[in-house]
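Structure assessment
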Amino acid sequence: MNEWLRQVRLEVGERRQEDGQVQTQTALFDIQINPQGIITKIKATTKESHRQPGKDLAGKLALPAFKEMHNHLDKTYLGRPWKAAVPVKTLQERLSLEAQELVALSSDVTQRATKMIELHLKNGVNHIRSHVNIDSYIGLENLHGVKQALESFSKDLTYEIVAFPQHGLLKEPKTLELLEEALQSGATILGGLDPAGIDQAIEASLDQTLQLAQKYQVAVDFHLHDRGQVGLYTMQQWLRRTKQSNYQGQTTFSHAFALSHLSSGQQAQVIQELAENKIQVTSTIPLNLKSALIPIDALQAQGVKVALGCDGFYDSWSPNFSGDILEKLRNFCEYTGKSSEQALRQSLGLITNQVTPLNSQGQQVWPKVGDEASFVFFQASCSAEVIARVPKVRQMMHQGRWVNRS
Amino acid sequence: MSLLLKNVRLETGYQYDGKTVVATTTQIKDIYIEKQQFQVIDKQIKCEADVVYDASGQLLVPSFKEMHGHVDKTYFSGPWKAVVPTTKGIFSRFEEEQRILPQQLGVLKERGREMILHYIREGHTHIRTHINVDPVVQTKHVEQIRALFDEFKEQITFELVAFPQHGILRNGIAFEAVLEEALQLGVTHIGGVDPASIDGDSQRVMALIISLAKKYDLGIDLHLHEGNTLGAYEMHQLLHWAEKLQFKNEITFSHAFALADLDQNDFQKLLERFLKHRVNIATTVPIGSGPITMPIAAIHQAGVPVAFGHDSLVDHWSPFGSGDMREKINRYNERFGIIDECGLGQSLKYATGGINSLTAAGHYQWPKVGDPANALLVDAMSSAHLVARRCPISTVISKGKIIHQEEIELKGAFR
């Protein structure tokens, strides 16, 4: 049976005022959704609307549901008693600390992942890409646990699971086998980690990754923390392999810290190649003074698709952060000085798989009949307000179905 | 007025694994409050009180202080408005203020009140607000905001800064009279902003600020956004005039971006001079690509107190402020990579006027009998837990009484 949402506020255009202020214009609509969760009609709200059958949103603003594109559901302490983290000096030290507690944490991985998923749902996220450790300490145990947790929410969100060699691809011979097994057991993407910093073998690590990805025809998501020229070289080597094997459009570089602090020539060159090979970039908008923000605006201007993620939180790596992807977006805007209506509004695409209600010219492009009925609803006047003010109260609909797990 | 808090969690020490702090130990106590002070702290107190509240194991922490706000020119609680891009930097903002501040006079008190109530809900029991004194609004903002805070004087403490946002000298001699008039309307501080780039004569501005502060026995809170060597020059200038005119009252440098971008020598020299004049610093923990976030812990450890402020919550300057001090401290910890129980717990002091429950060595420090009873009850196991996971505040206690309370679900360690 078709369902109606009544009095939904949608952005329809913009108006420039005398003082130069751009104001987003909105209007109220009734939206019809079919049993498959697809929008079948959008018509202007009338005086009779609230008396007609359906759910009355009473003027709440609808935005596209949010996408959390970099997470570690297996690592969180959520669901266990509060615990801070232990400071370390190097990534290697962090990894050895993690190795010590991986097995102890695995017993309740499903429950912990569930808590994290619930937090994301409450915040308006209807898609999670989660990395899951695949290593000789934990084997596939975290994968099974995270998969079980995600499957139990399959009506509330979509997801991708990255088989992530957190402790290196080449350091333990068993890891390759385990990754292969993971790709046969529910992991949908192959992960990678600092071929220089961790594997100390850039070319071999990239070759193995490519081979495995091609064998299972899966996308690749590299965590690249390696800074400076060695990180850049790693990207260039992967770009070369991508071209040689025609593996365009299959790669995400997460973090990609090497993209900051490049000379303008090097930056322009690598961004052009990222765009040509349809490589995506994911940032967690790190605020740490040691991690300069990567040039997200320049990447997007050249057509590189950029997405945001919360990364792991409340785990052995970091106890901080709220877990709200919308706050990440606000931090990005604050960091880069985007405080005008248009700049705020257009940034929304970073957490909605590029969907914004208005295009850069201020014309309405979303939602349309035929689109998936996945929304976050806010008591707010427009998307710019939502991004700057980060309202806490939200309701989410995923593919035509109300999600209410909080 | 007396208040008895039952079953309050107090931090009593750190638990170590070798040299690393791995947890905070706590004890459940009763606390009796009267005459705005903690009077008795004991295992079980049996006595009468005007108000008795069972905290059910919630943690007691010092309440927050907002040390850099602008209550007088806010969009808060009004309709959403984004920021209009500027063409002439800060001077565009002055032109904008000349237009919009008179328009907002009618809602100034109402919005300011909503903002103060928001601060209280977020656990603040002290607010230092800057208040525009400029050629257009003249003393109107000071008069109205002074009256507004008087409404709250039984609930919170406050400091009012007469803030010449549009500069001083560039507005002509008549404006100096307006500023002087504002200083006699019950403010506690005189403000100022970037005297070099705005007035083009920092010598004269600094001398004037010091002499006015001295004349009216006020503190000084100077906003300095100027970068590295220029900012350092300005701070030295002010302290030079403070010495010359033997100024002894409080000096705060707000923002002080220069401190984030000085060579070690210049930085040390400035810190030493700060110590001599008992200067303190207010920062919003700014984020951005430039060197704008000062080494907060190093400055504080050198003996120069640093305090956090929110600045605009939402106005024509910026739309991003939440007024949530837990989020502000969280940002500080993220910015400086602080992740451990001790470091997290110790970071609370930037929001509480320097008070932590425990010293860095893990010794009990607060609350003690006789301390002012300004505190929060939060659903957290430790200060570290509170700031990392931004645990909710159920009860705001100020001047010895509960001034705000809300229902929260208690989850304790599992939050």
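Scroll up to find the structure.
What you see is a predicted model; the values in this text were computed from it and never measured. (Residues numbered from 1 in each chain as written. Chains lettered and ligands numbered in written order. Predicted model: local features only at pLDDT ≥ 70, side-chain atom pairs only at ≥ 80, totals over all residues. Heavy atoms only, no water.)

**So, the overall build of chain A**
Our working rule: Under the scheme used here, helices are H or I runs from DSSP no shorter than 4 residues and strands are E runs no shorter than 2 residues, and both carry numbers assigned from the N terminus. A radius of gyration in this sense is built from C-alpha atoms; the matching globule rule multiplies 2.2 Å by the number of residues raised to 0.38. By the convention used here, residues are in contact when the closest approach between their heavy atoms is within 4.5 Å. In short, Shrake-Rupley with a 1.4 Å probe defines the accessible areas, and a residue's cover is counted only from the protein chains shown. Positive residues here are Lys and Arg, negative ones are Asp and Glu, while His and the chain termini are left out of the count. The location of each charge is read from NZ of Lys, CZ of Arg, CG of Asp or CD of Glu.
Secondary structure summary: chain A contains eleven helices and 16 strands in total. For chain A, the C-alpha radius of gyration of 22 Å lies close to 22 Å, the compact-globule estimate for 406 residues. Its C-alpha atoms give chain A principal-axis dimensions of roughly 70 × 50 × 40 Å. Looking at chain A alone, contacts between residues at least 24 apart form 76% of all its contacts between residues at least 6 apart. Carbon together with sulfur atoms contributes 48% to the accessible area of chain A, which is approximately 15,800 Å² in total. Each charge class in chain A was averaged separately, 42 positive and 42 negative side chains, and the resulting centres sit 5 Å apart.

**Comments concerning the overall build of chain B**
Rules: Burial classification: accessible surface area is computed with a 1.4 Å probe over protein chains only, and a residue below 20% of its type maximum counts as buried, one above 50% as exposed, and the rest as partly exposed.
Looking only at helices and strands, chain B features twelve helices and 16 strands. Taken over C-alpha atoms, the radius of gyration comes to 22 Å for chain B, in line with the 22 Å a tight globule of 415 residues would show. Along the three orthogonal principal directions, the C-alpha set of chain B runs to about 65 × 50 × 40 Å. Put simply, chain B has 415 residues, and 60% of those count as buried. Restricting the contact set of chain B to residue pairs at least 6 apart, pairs at least 24 apart contribute 75%. A gap of 2 Å separates the mean positions of the 43 positive and 50 negative side-chain charges of chain B.

**Some details on the side chain of histidine 255 of chain B**
Residue and element names in this part refer to chain B. For clarity, the cut-off: N or O atoms closer than or at 3.5 Å make up a polar contact, with two conditions inside protein: a donor-capable atom paired with an acceptor-capable one, and, for residues adjacent in sequence, both atoms drawn from side chains.
With respect to the secondary-structure elements, histidine 255 resides in the loop between strand 11 (251–254) and helix 8 (264–277). Assessed through its relative accessible area of 5%, histidine 255 is described here as buried. A distance of 3.5 Å separates polar atoms of two side chains, one belonging to histidine 255 and the other to histidine 68. Once residues within four sequence positions are removed from consideration, histidine 255 is found in contact with His68, His223, Leu224, His225, Ala282, Thr284, Met294 and Asp311.

**So, unusual backbone geometry**
Note the cis peptide between tryptophan 366 of chain A and proline 367 of chain A, where omega equals -5 degrees. Among the secondary structure elements, proline 367 of chain A is positioned in the loop between helix 10 (341–347) and strand 14 (375–378). Along the chain, tryptophan 366 of chain B connects to proline 367 of chain B via a cis peptide bond; the corresponding omega equals -5 degrees. Here proline 367 of chain B is to be found in the loop between helix 11 (341–346) and strand 14 (375–378).

**Concerning the interface of chain A and chain B**
The cut-off we apply is this: Values labelled buried area give the accessible surface lost by two parts on being combined, using a 1.4 Å probe and summing over both. Salt bridge, as applied in this entry: a Lys or Arg side-chain nitrogen positioned within 4 Å of an Asp or Glu carboxyl oxygen. Note that Gly is not counted as nonpolar here; it falls among the polar residues with everything else outside the nonpolar set of Ala, Val, Leu, Ile, Met, Phe, Trp, Tyr, Cys and Pro and the charged set of Asp, Glu, Lys and Arg.
Every contact between the two is made by 42 residues of chain A and, on the other side, 41 residues of chain B. Across the interface of chain A and chain B, roughly 3,600 Å² is buried in total on both sides, 56% from carbon and sulfur atoms. The largest per-residue losses of area from chain A upon contact with chain B belong to Trp82, Leu287 and Arg389 of chain A, which jointly make up 21% of the total buried on that side. Taken together, the connections running from chain A to chain B amount to three salt bridges. Residue contributions to the side of chain A that touches chain B peak at six residues, all from helix 9 (residues 325–335) of chain A. Class assignment of the residues belonging to the side of chain A that touches chain B gives a composition of 20 nonpolar, eleven polar and eleven charged.

**Re the sheet that holds strand 6 (residues 66–71) of chain A**
Residues and elements named next belong to chain A. Counted only if it meets this: Pairing between two strands requires that DSSP report at least two bridges joining them. The convention used is that axes are lines fitted to C-alpha atoms, helices contributing only their stretch in contact, and that angles between N-to-C directions extend from 0 to 180 degrees.
Pairing is parallel in the open sheet, where eight strands are placed in the order 6-7-8-9-10-11-12-13. Each edge of the open sheet is held by one strand with a lone partner, namely strand 6 and strand 13 (306–308). Across the sheet, the axes of successive neighbouring strands diverge by a mean angle of 25 degrees, strand direction being ignored. Two strands pair when backbone bridges link them, and strand 7 (residues 125–133) and strand 8 (residues 158–164) are joined in this way by seven bridges, in the parallel orientation. Bridge pairing links arginine 129 to glutamate 160 in strand 8. Relative to the sheet, helix 5 (residues 202–216) contacts strand 9 (189–193) and strand 10 (219–223), its axis offset from that of strand 10 by approximately 150 degrees.

**Focus: the sheet that holds strand 9 (residues 189–193) of chain B**
Think of a sheet as strands paired side by side through backbone hydrogen bonds, with each pair either parallel or antiparallel. All names here are of chain B. Pairing in this open sheet of eight strands is parallel, and the strands run 6-7-8-9-10-11-12-13 from one edge to the other. Of all strands in the sheet, those with a lone pairing partner are strand 6 (64–69) and strand 13 (306–308), marking the two edges. Strand after strand, the sheet turns through a mean of 25 degrees between neighbouring axes, direction not considered. Here strand 9 pairs with strand 10 (residues 219–223) via five bridges, running parallel.

**Examining helix 7 (residues 264–276) of chain A**
Residues and elements named next belong to chain A. The condition that has to hold: For a helix, the expected span equals 1.5 Å multiplied by the number of residues minus one. The arc under discussion is defined with respect to the helix axis, by the directions toward the C-beta atoms.
Here helix 7 contains 13 residues, and its C-alpha end-to-end distance of 18 Å stays within 8% of the 18 Å for a straight helix at 1.5 Å per residue. Within the sequence span of helix 7, burial applies to Val270, Ile271, Glu273 and Leu274. In a view along the axis of helix 7, the buried residues occupy a sector of 160 degrees, so they form one face of it. Looking at the buried side of helix 7, the elements it contacts are helix 6 (228–244), strand 11 (251–254), strand 12 (280–283) and helix 8 (296–301). Once helix 7 finishes, lysine 278 follows within two positions and takes phi at roughly 50 degrees, a positive value.

**Some remarks on the pairing of strand 10 of chain B**
Residues and elements named next belong to chain B. Note the threshold: For a crossover, the right-handed case is the one in which the path from the first strand over the helix to the second runs clockwise, viewed with the strands pointing away from the viewer.
Most of strand 10 sits out of view: five of its five residues are buried. Along strand 10, one buried face is formed by Gly219, Asp221 and His223 and the opposite face, lined by Ile220 and Leu222, is buried too. As paired strands, strand 10 and strand 11 are joined by four bridges and run parallel to one another. Looking across to strand 11, one finds that histidine 223 is bridged to serine 254. With respect to chirality, the unit in which strand 10 leads through helix 7 (residues 228–244) into the neighbouring parallel strand 11 is right-handed.

**Observations regarding the nonpolar core**
Threshold: Residues belong to one nonpolar core when they are buried, are Ala, Val, Leu, Ile, Met, Phe, Trp, Tyr or Cys, and are joined through side-chain atoms within 4.5 Å.
One finds Leu259 and Leu274 of chain A together with Phe253, Leu259, Phe274 and Ile281 of chain B to be the most contacted residues of the largest nonpolar core, which totals 189 residues. In this structure, isoleucine 281 of chain B is in contact with Thr252, Phe253, Leu259, Phe274, Met294, Ile299, Val304, Pro305, Val306 and Ala307 of chain B, ignoring residues within four places of it in sequence. Core analysis: the second largest hydrophobic core is formed by 15 residues, Phe38, Leu60, Trp366 and Ala375 of chain B among them.

**Looking at the packing of aromatic side chains**
Selection criterion: Here the aromatic set is Phe, Tyr and Trp, taking the six-membered ring for Trp, and pairing holds for ring centres within 6.5 Å; pairs whose planes are under 30 degrees apart are stacked, those over 60 apart are edge-to-face, and all others are tilted. As a reminder, the over-ring test applies to NZ of lysine and CZ of arginine, requiring each to be within 6 Å of the ring centre and within 35 degrees of the ring normal.
What the rule picks out here adds up to 16 aromatic pairs over all chains. Arranged with centres 6.1 Å apart and planes meeting at 50 degrees, the rings of phenylalanine 222 of chain A and phenylalanine 253 of chain A form a pair that is tilted. With phenylalanine 222 of chain A in strand 10 and phenylalanine 253 of chain A in strand 11, this residue pair connects regions lying 31 residues apart in the sequence. The residues phenylalanine 222 of chain A and phenylalanine 253 of chain A share a single accessibility class, namely buried. With a centroid separation of 4.9 Å and 40 degrees between ring planes, the pair formed by phenylalanine 149 of chain B and phenylalanine 158 of chain B is classed as tilted. Phenylalanine 149 of chain B sits in the buried class, given a relative accessible area of 0%. Just above the ring of tryptophan 4 of chain A sits the side chain of lysine 43 of chain A; from NZ or CZ to the centre is 5.4 Å.

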